[in-house]
Amino acid sequence: MGYGKLIAFAGGTVLPGVVKAIASQPQVREAVVNCVAKGMKLKADADEALQNIKDDAEDVCYDARYEAKVKAAIEARRAEIEERIRAEVEAELAEEVEDIEAEVAAAEAGKYADE
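What you see is a predicted model; the values in this text were computed from it and never measured.

This part takes up the overall build of the chain. Within the chain, the regular secondary structure consists of 2 helices and 0 strands. Looking at the chain residue by residue over its 115 residues, the buried ones come to 0%. Carbon together with sulfur atoms contributes 62% to the accessible area of the chain, which is approximately 10,500 Å² in total. Counting 15 positive and 26 negative side-chain charges, the chain places the centres of these two groups 28 Å from one another.

A few words on a nonpolar patch on the surface. Taken together, V14, L15, V18, V19, I22, V28, V32, V36 and M40 make up a surface patch of nonpolar side chains, about 770 Å² in accessible area. Elements represented by at least two residues in the nonpolar patch include exactly α1 (3-23) and α2 (26-114). Element by element, the count of residues in the nonpolar patch is highest for α1, at 5 residues. Mapping V18 onto the fold places it in helix α1. Its relative accessible area of 38% is what places V18 among the partly exposed residues.

Right, let's get into the environment of G11. Within the fold, G11 resides in helix α1. Of the residues examined, G11 reaches a relative accessible area of 32% and is grouped as partly exposed.

This structure, assessed with the given rule, holds 5 salt bridges. In this structure, K43 and D47 form a salt bridge, with 2.8 Å as the shortest nitrogen-oxygen distance. Separated by 4 residues within a single helix, K43 and D47 lie in helix α2, roughly one turn from each other. We classify K43 as exposed; its relative accessible area is 52%. Salt-bridge contacts for R84 lead to E88; the nearest nitrogen and oxygen are separated by 3.4 Å. Separated by 4 residues within a single helix, R84 and E88 lie in helix α2, roughly one turn from each other. Its relative accessible area of 44% is what places E88 among the partly exposed residues.

Criteria and cut-off values
- Residues numbered from 1 in each chain as written.
- Predicted model: local features only at pLDDT ≥ 70, side-chain atom pairs only at ≥ 80, totals over all residues.
- Heavy atoms only, no water.
- Helix = DSSP H or I, 4+ residues; strand = E, 2+ residues; numbered from the N terminus.
- Buried < 20%, exposed > 50% of the residue type's maximum accessible area, 1.4 Å probe, protein only.
- Areas by Shrake-Rupley, 256 points an atom, 1.4 Å probe, with all protein chains shown as cover.
- Lys, Arg positive; Asp, Glu negative; His and termini not counted.
- Charge placed at Lys NZ, Arg CZ, Asp CG, Glu CD.
- Patch = residues over 30% accessible without salt bridge, like charges linked within 9 Å, V, L, I, M, F, W, Y side chains within 5 Å.
- Salt bridge = Lys/Arg side-chain N within 4 Å of Asp/Glu carboxyl O.

Here it is, written out as structure tokens:
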């Protein structure tokens, strides 16, 4: 058996006893408990901060979706109104063109009648 294996075997048999002896000391136990408690507090604080970030991101996403829907609704309504107005203007212009053509035809008919 080599020295490395012998040292590993000896360390493996002695180490648990040493750890148990150290862990049974009140000061060591208190220090370990305090360290674990601080770690748990740190994790809780990190979880809370992460949740706040997620909530803020969801709010921003919701606001962006809402604004996009409002903008799309406004654009759709604007397009409807523009089309209706365009149809009204085109109908009015068509009437005026008919009136002008009728006046021109009447004027030409009167011009030829006078000759």
